[in-house]
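Inside the fold
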Amino acid sequence: METFRPDRRHFIKLCTVAGISIFAAPALWQLSRGQTSAELPDWRGSGGPAFRTDGIAKVVGNKIFGRDFRAVDMPGWPDRQHYAFVVRCNRVERRFSGFDWSQIPTGAEPYARVTAQTLQQQGIKLPEFYGDLMLLPEGESPRYYGHAVAMLLFDNFEKYATAKQALQFNKEFIRYGEQTPPMERDPYASWRIIRVEGPGGPTGEDLYSPLDDGLFFPQYRDHKAVWPRHADQAGSVSERGIYYAGQIRERIERESAAGNWHLVEGEYRTQIVEPMMMEPEATNGWLDTDGKTLHMVLTSQSPQDFQEMAAQLVARSSFAGKIENLVVHSGFVGGGFGGKDHSIFPYYGLVAALFGEAPVRLANNRFEQFQAGLKRHPFHMRNTLAVDKNTGKFQALLSEMQVDGGGRQNFSPSVAMVGASAIQSIYYFPRNDISAVANYSMNVDSGSMRGYGTMQTMNAMEMMVNRAAEELGVDPIELRLRNATETGWRNTQGAVPQVKVRYREILEKARAHPIWTERARRKQDFEEKEPGYFFGTGFAIATKDYGTGGAAPSAAVQFDENGELSLAIGFMEMGTGTQTSQAVLLEKTLGAPASECHVAEIEAWNALQQFQTESPYTMSQAHQDKMSAEPLWTPVVAMASSASMSSYFQSHATEQAAGILFHHGLLPAARRLWQAEEIDPAQLQWRSGRLHYRQLPSLSLRQLAREAHRSGLVTGAMVHAFNRWKWAEADFELDGENRTWVVDGLALRRGPGSGSGGTGISSADYRVVKRRAVRYPKTSLNNAMVTYYAPTAALVEVAVNKGTGEVKILGLQNYMECGRLIVRQLVEGQIEGGVAMGVGHALYEVLPPLAEGAGNGTWNLNRYQVALARDVGVWNQRHEILDPESETDPHKGIAEVVAIPIVAALSEAIYQATGIRFNDTPITPEILRRALNPEV
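Okay, the sheet that holds strand S25 (residues 690-693) next. In space, the three strands of this open sheet follow the order S24-S25-S26, with antiparallel pairing throughout. Because the sheet does not close on itself, it has two edges, and the strands there are strand S24 (684-687) and strand S26 (696-700). The mean angle between the axes of side-by-side strands here comes to 30 degrees, regardless of whether they run parallel or antiparallel. Two elements, S24 and S25, share four bridges in a ladder whose sense is antiparallel. Pairing of Gln685 across the sheet is with His692, part of S25.

Here it is in structure tokens:
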């Protein structure tokens, strides 16, 4: 393809943003045909898949990622590859005053130097989400460590590598001028969650809560949050909130002074953490000036959002008339952990492409990824837990959180909100006052790294509970049992979780485990045999929300004339096995797994013709009611691959599409073949890939598919769904039948496809079905903040070296409740990976703030210690996954929660071993050594 040709067989227009047509190119090496029975005869094994759909490719080294593509690999691109290098500040206390270009070796000079002046001249500005000053202008002070000041473009790798080697750690290249005071800005966001239960208790109406009364916010003075002070029980939402907050504090003071309540008070701090995904970020971009098309290869968890924001960036710049089309290729992502969700990095790649004379590759090495990649937010918490001395019941929770968001806002407001709403963990509190302020700082910006605020706050809660148990003389698990919330009880926001909770079942299992029941004897025996070590046992439990309150999954399922199933989903494969699990889901409804599963699909959803207007988090109920009358409107068109969204949210869309396809495609085909006017669906059953009904001859999927194709029945179903802590549902008229489906968008394919050129999902084959009515969850549910939860717990026993402070995991038992399993082995992989991430957070991983931290550009794995196999007790780990209570249990999102309780369990085990309690993470060997040997 010499130039871009937007005909329907090559690319289908997704939408037009400010006059620029956005296209999703055919996916890069989808690995989608790895499941066909001819190639993998035993892939299903017994009772589930024998290996992942991409398993063979991974083992033999054939799986490639977006980072691996060069210009020569891209059809239609020039075979010349250019390279870009971003220059970043390693200090912030002086003004940036230019460059010493003589530091670049002769013969390695860039052919283009992109600076802030260049961007200004071309009218290039970052999307609003990312803030301003993409490149720092001369005369300005860096806003944060690692602030980019220039981009250099090279026409061959030798020049690029030579220049980069000379400049990356060169302290003379960037010139600095006069000293300036530290930058100060208002906080990114502030939240306050105040709740007081009413006389009806945990299930009754609240006297005050965010869900019932709404939220209120502070003013900012001297860049600090100042909350309203006027209290009035009958006043505004803020006046009522301040009144009840005062009531909580007065009650705590009165009851503790009377000796009725025991208070656990403390400060808790967590560290900055690097996601350390396998694949550092990279882009490859080409501006085809003849075709007026900008092509981009991304390594992003959120390519849909990049498409829209990138188009707006271009449309506001001087390139608007030169670029009519934006084509985005989404490759496989080599790990994400949230660090590739809404990262600013792809926009630097876009700028490189705009100014390049050929395709330009921008790829971080590990030093650059440390310096510029998103981090986990460090939290500083001041907490008070009030416990009734007689009953051991929790009476109140106070928490003031300061969240360091770094130099760009990113998701800091949301992370602070989720952290605040999560601190309650599995426990019920009749009253709480929790505040969280997300602050600007000169650190590298933090984003949506796995845990999303809950890793920080729930571990603080578990540390407090363990301390409360000791101070009250109660068994730690018994104290948890007394306070575990029940199904139907309200959370700290006043909302009732939408899932059944099984916390007590997990706690009882842990209490009966030998690691717990024999902990005293094991400690005595071990320390007698190993006098150079301390032995300790710890326990912690956590329950993590999954979802965002604005989930918008899409899925399409179709079959060809041979009954081979194809599936397309919007979610990205990041190593979690989404591709495999979604393919398996079809078997229950359609009799077989998908032979193809296309992940990170973007183009196909054009057929739905949906559009959105305002933010789903801020729109009014009136706006939603008005727009709901538009049959193609939706609160959110597409969602990022984040927030543990695949197993519950993506699965919902996949199963809905499969259900529609069965009901309007296979079922009428079965009626025709059986010559039966009426069939009771409840008596239909798939067995060994054949559909059985009473005494009639069973039908194969191939027979049904051929009949559906021959008769022009539905052979493909595409859906879009929306969830704001509840699912939207809509009414459709299909084949003369009025039916309600739990989706808000639908398109159908009838008979054989014409535009796909095969079994792949193509929007050209589908026709939209406009809904007759829709019922969206009320916008007030935004105040619920979270309502879906998945729990996990950990028992751990450790040995602490008295001399070195080294912690060795001797045994670890993990408990997981994830609802209805899709693929057990994938869940087990999440558990094992989560343990490693939790161990790293608890014991090893730390990045100092400011000048000594990652932003100075000198950090890599030579300095940053991640947990290795020897650190995580590989052969000493055990796990138990609770069986679902019924076949209707939901699939729960557990990718994030598995890491959380490991941290507090290790902290408590260290305390039980050494008698030294730590409130901060990580508890490194050096910190432990100094605490154990203060005189050394």
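Structure's up, so let's keep going.
Further remarks concern empty space enclosed by the protein. All told, the structure shown has eleven cavities of 30 Å³ or more when counted by the stated rule. Around the largest cavity, the lining comprises 17 residues; the ones closest to its centre are Arg88, Ile344, Ala372, Gly373 and Asp445. If you list the elements that add at least two residues to the lining of the largest cavity, you get helix H7 (345-355) and helix H8 (366-372). Here the residues of the lining of the largest cavity sort into eight nonpolar, five polar and four charged.

This brings us to the pattern of salt bridges. Taken as a whole, this structure holds 49 salt bridges when the rule is applied. Close ionic contact of Arg930 with Glu926 constitutes a salt bridge, the shortest N to O distance being 2.8 Å. One end of the pair, Arg930, and the other, Glu926, are both in helix H21 (residues 925-932), four residues apart, so they sit about a helical turn from each other. By relative accessible area, Arg930 is classed as exposed at 54%. It is possible to trace a salt-bridge network through shared partners that takes in Lys500, Arg502, Glu505, Glu817, Glu885 and Lys892.

In this section: the pairing of S26. With three bridges joining them, S25 and S26 adopt antiparallel strand pairing. What sits directly across from Tyr693, in S26, is Leu696. Linkage of S25 to S26, two consecutive antiparallel strands, is achieved through a turn of two residues, within which Arg694 is found at a positive phi near 50 degrees.

Another aspect to go through is the packing of aromatic side chains. In total, this model carries 40 aromatic pairs according to the counting rule given. For the pair Phe157 and Tyr160, a centre-to-centre distance of 5.8 Å together with 50 degrees between the ring planes defines the contact as tilted. Of the two residues, Phe157 and Tyr160 both sit in helix H3 (residues 157-167), three residues apart, roughly one turn of that helix. With a relative accessible area of 8%, Tyr160 lands in the buried category. Arranged with centres 6.0 Å apart and planes meeting at 85 degrees, the rings of Phe216 and Trp227 form a pair that is edge-to-face. A residue pair is termed long-range when its members are at least 10 positions apart, and Phe216 in the loop between helix H4 (210-213) and strand S10 (219-221) and Trp227 in the loop between strand S11 (224-226) and helix H5 (237-257) qualify at eleven residues. When sorted by exposure, Phe216 lands in the same class as Trp227, which is buried. Put simply, the rings of Phe129, Tyr130, Phe306, Tyr347, Phe411 and Tyr452 pair up and form one aromatic cluster.

About the thresholds
- Residues numbered from 1 in each chain as written.
- Predicted model: local features only at pLDDT ≥ 70, side-chain atom pairs only at ≥ 80, totals over all residues.
- Heavy atoms only, no water.
- Pairing = 2+ DSSP bridges.
- Helix = DSSP H or I, 4+ residues; strand = E, 2+ residues; numbered from the N terminus.
- Axes fitted to C-alpha atoms, helices over the stretch in contact; angles between N-to-C directions.
- 1 Å grid on protein atoms, 1.4 Å probe; cavity = no way out; pocket = protein on both sides within 12 Å on 5 of 7 lines; lining within 4 Å.
- Points joined across faces, edges and corners; volume = space filled by probe spheres on them.
- Nonpolar A, V, L, I, M, F, W, Y, C, P; charged D, E, K, R; others polar.
- Salt bridge = Lys/Arg side-chain N within 4 Å of Asp/Glu carboxyl O.
- Buried < 20%, exposed > 50% of the residue type's maximum accessible area, 1.4 Å probe, protein only.
- Phe/Tyr/Trp six-rings, centres within 6.5 Å; stacked < 30°, edge-to-face > 60°.

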